[in-house]
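Structure assessment
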Amino acid sequence: MAKRAAPATWTGGQGLLSRTNADSEREGRVSGYVLKTIRQTVGLTQEQLAEKAQVDVSTLQGWESGRRPLMSVPAGSYLRLRHLLHRLGALPRLLAQLDTGLEADRFIGYVLASDGPIDLNNHPLATWVITRPFTELVAWPFTGAVPSELKEVVPLRRRGPSAAGPELAEDERRHMVDHLQTAAEQTTKDSAEGALLRRQAHYVAGFDKSSETVEWLAVMQRAEQRRLGSTAGWAPSWAVVRSGAHSMARIGDTDALPHFIDVHISTDMCEVANLNYWAYWLGEISDPQLADTFMIDMDMDSWHGGRLLKHLVGRLTRDNVYVDVVCHTLWALVIRKPMLLSKSIVEEVAAAVTRMLDEGLISSRSKRELEEVFYALRTVQRR
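Being a predicted model, the structure only gives us computed values, none of them experimental. Think of each chain on its own: its residues are numbered from 1, step by step along the sequence as written. The model is predicted, so local features are restricted to residues of pLDDT at least 70 and side-chain atom pairs to those at 80 or more, both for listing and for counting; the totals for chains, interfaces and linings are taken over all residues. Heavy atoms from the whole structure form the basis of all side-chain values; hydrogens and water molecules are not counted.

On to the layout of surface pockets. If a probe as big as a water molecule is rolled over the atoms, it shows which places are left empty. The method works on a 1 Å grid over the protein atoms by themselves. A cavity is a set of points holding a 1.4 Å probe that cannot get out, a pocket is an open set with protein on both sides within 12 Å along at least five of seven lines, and residues with an atom within 4 Å of a point line them. Grid points are joined across faces, edges and corners, and a volume is the space filled by probe spheres set on the points. The calculated volume of the largest pocket comes to roughly 860 Å³. If you trace the largest pocket, you find 28 residues lining it, with R132, E136, Y203, W281 and Y322 closest to the centre. Each helix is a run of DSSP H or I of at least 4 residues and each strand a run of E of at least 2, with the numbering of both proceeding from the N terminus. Looking at the lining of the largest pocket, the elements that each hand over two or more residues are α6 (132-143), α8 (192-205), α10 (236-250) and α12 (268-281). Ranked by residues supplied to the lining of the largest pocket, first place goes to α6 with five residues. Here the residues of the lining of the largest pocket are counted per class, giving twelve nonpolar, eight polar and eight charged. Only Asp, Glu, Lys and Arg are considered charged, only Ala, Val, Leu, Ile, Met, Phe, Trp, Tyr, Cys and Pro nonpolar, and every remaining residue, Gly among them, polar.

Further remarks concern empty space enclosed by the protein. Taken as a whole and judged by the stated rule, the model has one cavity of 30 Å³ or more. Its boundaries defined by the atoms lining it, the largest cavity holds a volume of some 40 Å³. What lines the largest cavity is H202, L217, M220, Q221, G244, S247 and M248. Contributing elements (two or more residues each) for the lining of the largest cavity: α9 (211-228) and α10. Residues belonging to the lining of the largest cavity are distributed by class as follows: three nonpolar, four polar and no charged.

Structurally, E369 can be placed in helix α17 (residues 364-381). You can call E369 buried: its relative accessible area is 3%. Here the alpha-carbon distance between E369 and H328, two residues 41 residues apart in the chain, equals 6.6 Å. Throughout, a contact is declared for two residues whenever any of their heavy atoms are within 4.5 Å. Not counting the four nearest positions on each side in its chain, E369 is found in contact with C327, H328 and W331. N or O atoms closer than or at 3.5 Å make up a polar contact, with two conditions inside protein: a donor-capable atom paired with an acceptor-capable one, and, for residues adjacent in sequence, both atoms drawn from side chains. Reaching out from E369, the side chain makes a polar contact with the side chain of H328 at a distance of 2.7 Å. Relative accessibility under 20% of the residue-type maximum defines a buried residue, over 50% an exposed one, and the middle range a partly exposed one, all with a 1.4 Å probe and only protein chains included.

Another aspect to go through is the nonpolar core. Ranked by internal contacts, the top residues of the largest apolar core, which has 116 residues, are L85, F107, W238, W303, L316 and L330. Excluding its chain neighbours within four sequence positions, the residues that come into contact with F107 are H123, P124, L125, F134, V138, M176, L180 and V204. For the purposes of this section, nonpolar cores are sets of buried Ala, Val, Leu, Ile, Met, Phe, Trp, Tyr and Cys residues that join through side-chain atoms within 4.5 Å.

Now for the state of the cysteines. The disulfide criterion used throughout: a pair of cysteine sulfur atoms within 2.5 Å. The final tally for this structure, using the stated rule, is zero disulfides. There is no disulfide at C270, and the cysteine sulfur nearest it, in C327, is 20 Å away. Exposure remark for C327: the relative accessible area of 0% places this residue in the buried category.

A word on the packing of α8 against α9. Packed helix pairs are characterised by how far apart their axes lie and by the angle those axes make with each other. Put simply, α8 and α9 touch, their axes get as near as 10 Å, and they point 155° apart. Comparing the axis directions of α8 and α9 gives the class roughly antiparallel. For the element pair α8 and α9, the recorded crossing hand is left-handed. Only T213, W216, L217, M220, E224 and R227 of α9 make contact with α8, whose side of the interface consists of R198, H202 and A205. The residue inventory of the contact of α8 with α9, partitioned by class, reads four nonpolar, two polar and three charged. Convention adopted: a line fitted to C-alpha atoms gives each axis, helices being fitted over their contacting stretch, and angles between N-to-C directions are expressed from 0 to 180 degrees. Every angle not falling under 35 degrees, over 145, or within 65 to 115 is termed oblique; those three ranges are roughly parallel, roughly antiparallel and roughly perpendicular. What makes a crossing left-handed is the near helix being turned counterclockwise from the far one by less than a right angle; a clockwise turn instead makes it right-handed.

Turning next to unusual backbone geometry. A positive phi angle, close to 60°, is found at Q54, a residue other than glycine. Turning to its location among the elements, Q54 is positioned in the loop between α2 (46-53) and α3 (57-65). Judged by its relative accessible area of 73%, Q54 is exposed.

Let's shift gears to the pattern of salt bridges. Any carboxyl oxygen of Asp or Glu within 4 Å of a side-chain nitrogen of Lys or Arg constitutes a salt bridge here. If you walk through the whole model with that rule in mind, you get 16 salt bridges. As a salt-bridge pair, D292 and R199 come within 2.8 Å of each other at their nearest N and O atoms. Of the two residues, D292 sits in the loop between α12 and α13 (294-297) while R199 sits in helix α8, which places them 93 residues apart along the sequence. Its relative accessible area of 6% is what places D292 among the buried residues. Between D262 and R365 there is a salt bridge, with the nearest N and O atoms lying 2.9 Å from each other. One end of the pair, D262, is in helix α11 (residues 256-264); the other, R365, is in helix α17, with 103 residues separating them in the sequence. You can call R365 partly exposed: its relative accessible area is 21%. Salt bridges linked by common partners bring E27, R29 and E172 together as one network.

So, about α3. Within α3, burial applies to T59, L60, G62, W63 and E64. Buried residues along α3 sit in contact with α1 (29-41), α2 and α4 (75-87).

As for its position among the elements, G314 is in helix α14 (residues 306-314). For the pair G314 and E348, spaced 34 residues apart in sequence, the C-alpha separation works out to 9.5 Å.

This is the structure we're talking about:
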C-alpha cells in the first residue's frame with residue numbers, strides 16, 4: 001500500500017486554524033466566489049449590491065470572501081438575496097450554481113472540521129450520488145479549473161491581484177486528501193454503501209495531483225479490480241472501478257479506461273449501467289440518487305438522451321483523456337436510442353466522427369465503434 005503522509009497539524013496562519021465539528025458550517029469560499037461572479041455579471045459594485053440588499057458593505061464583502069459564510073445566513077435572508085439577484089438579471093443557471101456552491105461548502109467544511117473517528121454511515125459522500133455541478137465546484141479549489149457553467153463568466157472578473165477562484169491552503173489540501181483516503185480505506189468492502197463512499201472518496205481525492213496521491217489511487221484501483229475479479233455482471237465494485245479508471249486517465253494513465261471498457265463493459269447490464277451513469281452526470285436524470293444501484297435499476301426510457309448525445313459529440317477530440325470511453329458510450333447510445341439520430345443533428349455528429357476517424361489517433365476498438373456509428377449516420381441520411 002502507498003504510504004500516506006501523517007495528518008496535518010494545524011498551526012494557524014492562512015490555513016485551517018483550530019477547527020472543531022462546530023466549524024463545519026462556517027465555510028463559504030466556494031459559494032462566496034460564485035456570489036462575487038454573479039454580482040459582476042449583473043454589473044454592480046459591492047457598494048451597489050449592498051445598498052440594494054440593504055446590508056453593510058462589510059457584510060457583502062464577508063459573504064464574497066467566505067469570512068461570513070452564506071451557509072450561516074438565515075434561510076429567509078438567503079432567499080431574499082437570491083430573488084434580488086434574479087430580479088437584477090442573474091441567469092437562473094448561475095443561481096443554481098450558487099445553491100450548489102452551498103453544498104460544496106458544506107462538504108469542504110465537514111472534511112476540514114473532521115479530526116478524529118470518521119462516521120462512515122453519515123459521511124457526505126456516503127449519503128447520495130454526487131452530481132457533476134457539485135463535483136466541479138468541489139474540485140475548483142483543488143485544480144483551479146472553472147466549473148463548466150461558469151466558464152463564460154468567470155474571466156469577466158479577473159482584474160488586479162485577486163485570486164482567480166476559491167483556494168485551499170496547503171495544510172487544508174493535505175488534510176482533505178488524508179481524510180478522504182482514510183475514509184475510503186475504512187469502508188465496508190462488500191457493501192453497496194461502502195462502495196459508494198469509496199468510489200466518491202477516490203474520485204474527489206484524485207483532484208490532488210501530488211505523487212503520493214497518484215500512487216495511492218493506483219494502489220486502490222488495483223485492489224478494487226481484484227475485488228471485482230472476473231464478475232461478468234454489475235456489482236458495487238464495478239462502479240468503483242469505473243470511476244477509478246476515469247481518475248487514472250485524468251492523471252495520465254492511458255491504459256486504465258481501455259482496460260475497463262474491454263474487460264468490464266462486456267454485458268448488456270454493464271452497458272446500461274454506464275449509460276445511466278452518464279445520463280445522471282449530465283443532468284438527463286434530474287432526481288437525486290441515493291445509491292449507485294440506480295445504474296442498473298433505472299429504466300433507460302426514463303431519460304431522453306439528447307443532452308448526452310451532444311456532450312459526447314463535443315468531446316470527440318484528440319486531446320480528451322477520456323476519448324476512448326466517449327467513443328464507446330456514443331456507440332452504445334446510438335445502438336440503444338437510434339431515434340436520437342434525427343436529420344437535424346446527423347450532420348454535426350457525422351462531422352465529428354469523420355474528423356476522429358481521419359486523424360487516426362484512437363484505439364482500434366474506438367475506430368471500429370465510430371465506423372459503426374458512421375454507418376448508422378449514413379443510413380439516416382439516405383432516408
